[in-house]
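# Working through the structure, step by step
Take a look at the letters that make up each chain.
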Amino acid sequence: MLIKSPAGGEPVSSEITPRAVWTNRRSLVQAVAAGVALGAPAWARAQSGKPGAKLQSQPGPFPSMEKSTSYKDVTTYNNFYEFGTEKDDPAAHAHTLKPRPWTVAVEGEVRKPRVFDIDELLKLAPLEDRVYRMRCVEGWSMVIPWVGYPLSQLLARVEPTGNAKYVEFYTLADSKQMPGLRSSVLAWPYVEALRLDEAAHPLTLLTVGLYGEVLPNQNGAPVRMVVPWKYGFKSGKSIVRIRFVEKQPVTSWNRAAPHEYGFYSNVNPEVSHPRWSQATERRIGEDGVFQRKRPTLMFNGYAEQVAGLYAGMDLKRNF
Amino acid sequence: MKPAPARARAGPVGLAASTSRGADAAPRRPVAAGSPRAPKQVRALKLAVFTLGLLPLARLVLAGATGAFGGLGANPVELITRSTGTWTLVFLCITLAVTPLRRITGWHVLQRVRRMLGLFAFFYAALHFTTWVWFDHWFDVRAMVADVIKRPFVTMGFLAFVLLVPLAATSTDAMVRRLGRRWSQLHRLVYVVAIVAVLHYWWHKSGKSDYAEVTWYACAVALLLGWRLVARIRRPR
């Protein structure tokens, strides 16, 4: 799978959803749904899995009034260390990733362990549009229109046992496809994990697209997690294995720098990173150079939905 | 006013101190002020260094104002911070390279641009510092104090900048004359600044264990300071 990557790593203009189309997406989706209902499946394009191919999705819960970060910024400025440590590395190097064929093994403490083919996984539940804030631990943020469905849909299919307390997400670690693996910055494969109740939370999204299209390689194709109330690195990309375990797992960043990256890593303006404050953030594409940074919100603004998960916990200790 | 010591008057002025005390004692004929050696050549060299030294800033300003060179990217403050920090280190290294280069190649004319190079290091450090104070912290004194106290990499960066200030302030001819031999003692601080600046960068990268780039600067500074140490040991006083 090749992403055309012209000089400068900018997406070709044809890849950018025109704003008018994007802002009207819901009525368009409805129109399409109506069309499908009338037996005219004009958009019922086979899901080719090619980055940029349109996905069929419906509006999901948790609507956002915030302005989405541009497609260009979302797809050219991000961390994906398997393709390099600079933020323009993923867009420049991820063309070597092959998102098809792809399987995701679901194993561990579940009654029905299975290996899912990616196309099967895509059809497991109706795809939803979810516009989420994304707060990077480095102090910048975006608003990203993802496409996916709640991870709970998958949990229901594999039936975690009573011993399942945590869920691990393993990113692909193939040095042929991922030049960044040559670097010893992290121990590969990249592992992230959630507590089972966090994984089952309706906000937790198994994600296959953004801006209504199949995920670009650099954003974690073909399937990734999005956990919007936690720092971005908690959302593993290009997942090949989901494992249910009893003990709290050691995650990649937690292992690399335990005093800097805790297991929970909930967005919390009151708990500083050892090298910088987390009280404020800069919204990419909106907060200019000559503009004060905006305050970071508790749980990235999702406190109403998730604060209950941590009732009675000392969030300074469990950072 | 007291007549300036011959060494200071004849010697070149610059932000960086020269090799060693022993070396200082050696006469520096070819670079003396008013030397018969082609002033035109010196002027051309100074103009070239001045122009080249402003290029990194010109690039940032043009990129920010017109979107040239791909603009300032998705996170302009981060790019400006990195760029000004990197160029501070580069100019520190170039400044520290003047004396070894001069000794090795005999191009004593290099000495005539050492002050300017040192001041460019200070200039980019000041931009780096301003970026932190303004764009990053929005003049929030409490947040900045907390940053300096709590975070070793900020402490180091702050320290490096503070130590550069007296060097820049005493870089005028008048100050060189006034301070006499204490001037070269004072300007040996630049060695400390270089080490602290590398530590600042190293510490910053430590969380990501991403030492690839900072290692180059650490090696450059080690080489430049090591050369001085060796030169000093070899030159009996």
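Scroll up to find the structure this text is about.
Residues numbered from 1 in each chain as written. Chains lettered and ligands numbered in written order. Predicted model: local features only at pLDDT ≥ 70, side-chain atom pairs only at ≥ 80, totals over all residues.

## A short note on the overall build of chain B
- Of the regular secondary structure elements, chain B holds 11 helices and 0 strands.
- Each helix (α) and strand (β) of chain B, taken in turn from the N terminus, gives the series α-α-α-α-α-α-α-α-α-α-α.
- When each of the 237 residues of chain B is scored for burial, the buried share is 33%.
- Put simply, of all contacts in chain B between residues at least 6 apart along the chain, 70% involve residues at least 24 apart. (Helix = DSSP H or I, 4+ residues; strand = E, 2+ residues; numbered from the N terminus. Buried ≥ 20, exposed ≤ 12 C-beta atoms within 10 Å, placed from the backbone. Contact = placed C-beta atoms within 7 Å.)

## Quick look at the overall build of chain A
- The secondary structure content of chain A amounts to 9 helices and 13 strands.
- Per-residue burial for chain A yields a buried fraction of 45% across its 319 residues.
- Taking all contacts inside chain A whose residues are at least 6 apart in sequence as the whole, residues at least 24 apart take part in 71%.

## A closer look at the pairing of strand β2 (residues 103-108) of chain A
Residues and elements named next belong to chain A.
- The two faces of β2 differ: Val104, Val106 and Gly108 on one face are buried, but Thr103, Ala105 and Glu107 on the other face are not.
- Alignment of β2 against strand β3 (residues 114-117), held across 4 bridges, turns out to be antiparallel. In the strand pairing of β3, Val104 is matched with Phe116.
- Between the antiparallel neighbours β2 and β3 lie 5 residues.
- Taken together, the 4 bridges between β2 and strand β11 (residues 239-245) define a ladder with parallel strand orientation. Considered in β11, the bridge of Gly108 is made with Phe244. (Pairing = 2+ DSSP bridges.)

## Section: helix α6 (residues 151-158) of chain A
All names here are of chain A.
- For α6, the complete set of buried residues consists of Leu151, Leu154, Leu155 and Val158. Looking down the long axis of α6, one finds its buried residues gathered within 105° of arc, a one-sided arrangement.
- Lining the buried residues of α6 we find β2, β3, β5 (140-150), α7 (196-199) and β8 (205-210).
- Downstream of α6 by one or two residues, Glu159 has phi in the positive range, about 55°. (Arc of directions from axis to C-beta.)

## So, the environment of Phe50(B)
- Mapped onto the elements of the fold, Phe50(B) is located in helix α3 (residues 39-66).
- Separated by 70 residues in sequence, Phe50(B) and Phe120(B) have C-alpha atoms that sit 8.6 Å apart.

## Observations regarding unusual backbone geometry
Residues and elements named next belong to chain A.
- Following Arg100, the chain continues into Pro101 via a peptide bond in cis, with omega recorded as -15°.
- Note that Pro101 resides in the loop between α4 (89-93) and β2.
- Each neighbour pair has its own omega, and for Trp188 with Pro189 the value is -5°, a cis peptide bond.
- If you trace the backbone, Pro189 turns up in the loop between β6 (166-171) and β7 (191-195).
- Residue Asn300 is not a glycine yet carries a positive backbone phi of 55°.
- Note on placement: Asn300 falls in the loop between β13 (294-295) and α9 (303-306).

## Quick notes on the pairing of β6(A)
All names here are of chain A.
- Burial within β6 is extensive, with 6 of its 6 residues counted as buried.
- In β6, alternate side chains face the same way, and those of Tyr166, Glu168 and Tyr170 on one face and Val167, Phe169 and Thr171 on the other are all buried.
- Where β6 meets β7, 5 bridges bridge the pair, whose relative direction is antiparallel. The residue of β7 that forms the bridge with Glu168 is Ala193.
- Across 6 bridges, the pairing between β6 and β11 is antiparallel. Along β11, the bridge assignment pairs Thr171 with Ile239.

## What to know about the sheet that holds β3(A)
Residue and element names in this part refer to chain A.
- Strand order in this open sheet of 5 strands is β3-β2-β11-β6-β7, and the pairing throughout is mixed. Two strands in the sheet have a free side with no partner beyond their single neighbour: β3 and β7. For this sheet, the mean angle separating the axes of adjacent strands, direction not counted, is 15°. (Axes fitted to C-alpha atoms, helices over the stretch in contact; angles between N-to-C directions.)

Spatial relationships are all this shows, so hold off on functional conclusions.
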